[in-house]
Amino acid sequence: MKNRIFSGVQPTGNLHLGNYLGAIRNWVRLQKDFDCIFCMVDMHAITVWQDPKELTSNTRMVTAGLLAAGIDPRNCIVFNQSQVFAHAQLAWIFNCVARLGWLNRMTQFKEKAGKQRENASVGLYAYPNLMAADILAYKATHVPVGEDQKQHLELTRDIAQKFNNDFGVEFFPLPEPQILGEATRVMSLRDGSKKMSKSEPSDYSRINLTDGPDLIADKIRKARTDPHPLPDSIAELEKRPEADNLLGIYAALADMGREQALARFAGAQFSDFKAQLTDLAVASLGPIGEEMQRLVRDTSHVDKVLREGAERANALAEPIVRQAMEIVGFLKA
Ligand code: TYM
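Colleague: Would you mind showing me how to read the overall build of the protein here?
Modeller: A count of helical and extended segments in the protein gives 14 helices and five strands. Relative to the compact-globule value of 20 Å for 333 residues, the protein shows a C-alpha radius of gyration of 21 Å, a close match. Referenced to the eigenvectors of the C-alpha coordinate spread, the extents of the protein come out at roughly 70 × 45 × 40 Å. Buried positions account for 52% of the 333 residues belonging to the protein. A separation of at least 24 residues holds for 76% of the contacts in the protein among residues at least 6 apart in sequence. In the form shown here, the protein has an accessible surface area of approximately 15,600 Å², with 51% of it arising from carbon and sulfur atoms. Computing the positive centroid from 40 side-chain charges and the negative centroid from 41, the protein places the two 3 Å apart.

Shown next, in the form of structure tokens:
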């Protein structure tokens, strides 16, 4: 089977450094050598309440972020999920393939639903089935994501396998996660035990791609650390989550291994290290943020990219999902 890459991002809130280093920057690199499809997953977004106007503007904003980061719609397909009906159709079939027991194990649902489980939407619970449909509607073989999506990809493989077994076919591939780079799980700047996320109330917990130089500097300056200088071994570093996180961010932005970054800063005070991290972050993210602000004002361009992307995505997904429907035994009209 030909290699094909699919990945997605929710158009909720701002894109942050975790999205960039864990996913988007890798997508930019992969688009040159592979057949790639990148999706703004607006149907996933509404599994928790979204103000309709904000959902529209966030979809454009996140698309602008991808384009500003270097995703080129001439090299790959960029679109928003709700425009391609195949996702919802295949998701329904997968709702009937996946088992309740499988979904009950999903840690992201447990985290997101929290104590309000009874009040969570059915969509939030079935979310991983839609994600499997996103990937398999294109028979994608590789899925570049951050560490937090690994469990969802294991479920995708289970769904593909069960579909194939139940119907006695070799129809869906078992897609492989691609968890790449030194920052596959960027943590909050305020708490090294929590993931950097769009939904965290404190904006100082994350660096957004739209943050200007002064704000980036201030957030890094205020990032939580401990009172000791940076250690000289990875084993020591791993005992200090906040130091480990900041060093991982530095290594990823500088495109070097953790060991190499540590060798550069072993014994350094945080104030010196943070100043260099700030310079690097501003140099890497500044131009992306500026281009994003420019693109987001050009809504007609962004909408055109999404419309054309949706047409191309639909042309790939529709025949695959139709075949899946036939395998299930749905009568063709
Ligand atoms: P989302 O929108 O939460 O995040 C988009 C991408 O960013 C990665 N990411 C991170 N990486 C490192 N550190 C972090 N702190 C961090 N936070 C987010 C995510 O791993 C992801 O790769 N369910 C997905 C969207 C999705 C999808 C798909 C992905 C829907 N269908 C099909 C791949 C294939 C999500 O909520 O990502």
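Read on for the rest.
Colleague: Sorry if this is basic, but what is going on with the pairing of strand S1 (residues 4-9) here?
Modeller: Regular strands place side chains that alternate from one sheet face to the opposite one. Judged by how many residues are buried, S1 sits mostly within the fold: five of six residues are covered. Where S1 lies against strand S2 (residues 35-40), six bridges are found, and the strand directions are parallel. Note on S2: the bridge partner recorded for Ser7 is Phe38. Note on the crossover from S1 through helix H1 (residues 17-30) to S2: the handedness is right-handed.

Colleague: Please explain the domain arrangement of the protein as it appears in this structure.
Modeller: For interface size, the figure often reported is the accessible area lost on association. Along its sequence, the protein is carved into domain 1 (4-184 + 299-328) and domain 2 (203-294). Centre-to-centre, using C-alpha coordinates, domain 1 lies 29 Å away from domain 2. Counting from both sides, the interface comprises 15 residues of domain 1 and, opposite them, 18 residues of domain 2. Here domain 1 packs against domain 2, burying approximately 1,500 Å² in sum over the two surfaces, 66% of which is carbon and sulfur. A per-residue breakdown of the area domain 1 buries against domain 2 is headed by Leu17, Ala68 and Glu182, which together make up 39% of the total. For the pair domain 1 and domain 2, the number of links is two salt bridges. The shortest N-O distance in the salt bridge between Glu182 and Arg258 comes to 3.1 Å. Across the domain 1-domain 2 interface, the total number found is six residue pairs in polar contact (both at pLDDT 80 or more). Of the residues in the side of domain 1 that touches domain 2, the class split is nine nonpolar, three polar and three charged.

Colleague: Sorry if this is basic, but what is going on with the packing of helix H13 (residues 270-297) against helix H14 (residues 299-328) here?
Modeller: The geometry of a pair of packed helices is captured by two quantities: the angle between their axes and the separation between those axes. Interaxial distance between H13 and H14 falls to 5 Å at its minimum, and their mutual angle equals 90°. Here H13 lies roughly perpendicular to H14, going by the angle between them. Judged by residue contacts, Leu295, Val296 and Arg297 of H13 engage Thr299, His301 and Val302 from H14.

Colleague: What is the right way to look at H1 in this model?
Modeller: The α-helix winds at 3.6 residues per turn, so residues separated by three or four positions along the chain end up facing the same way. In this model, H1 (14 residues) spans 19 Å end to end at C-alpha, consistent with the 20 Å of a helix rising 1.5 Å per residue. In the structure, H1 departs most strongly from a straight axis at Ala23, where the bend amounts to approximately 35°. Counting buried residues along H1, 13 of its 14 residues qualify, which places the element largely inside the surrounding structure.

Quick notes on the rules
Residues numbered from 1 in each chain as written. Predicted model: local features only at pLDDT ≥ 70, side-chain atom pairs only at ≥ 80, totals over all residues. Heavy atoms only, no water. Helix = DSSP H or I, 4+ residues; strand = E, 2+ residues; numbered from the N terminus. Rg over C-alpha atoms; globule rule 2.2 N^0.38 Å. Buried < 20%, exposed > 50% of the residue type's maximum accessible area, 1.4 Å probe, protein only. Contact = heavy atoms within 4.5 Å. Areas by Shrake-Rupley, 256 points an atom, 1.4 Å probe, with all protein chains shown as cover. Lys, Arg positive; Asp, Glu negative; His and termini not counted. Charge placed at Lys NZ, Arg CZ, Asp CG, Glu CD. Pairing = 2+ DSSP bridges. Right-handed = clockwise from strand over helix to strand, strands pointing away. Domains from an automatic or database assignment. Buried area = accessible area lost by both parts, 1.4 Å probe. Salt bridge = Lys/Arg side-chain N within 4 Å of Asp/Glu carboxyl O. Polar contact = N/O pair within 3.5 Å; in protein donor to acceptor, adjacent residues only side chain to side chain. Nonpolar A, V, L, I, M, F, W, Y, C, P; charged D, E, K, R; others polar. Axes fitted to C-alpha atoms, helices over the stretch in contact; angles between N-to-C directions. Parallel < 35°, antiparallel > 145°, perpendicular 65-115°, else oblique. Expected span 1.5 Å × (residues − 1). Bend = angle between axes of the 7 residues up to and from the residue.

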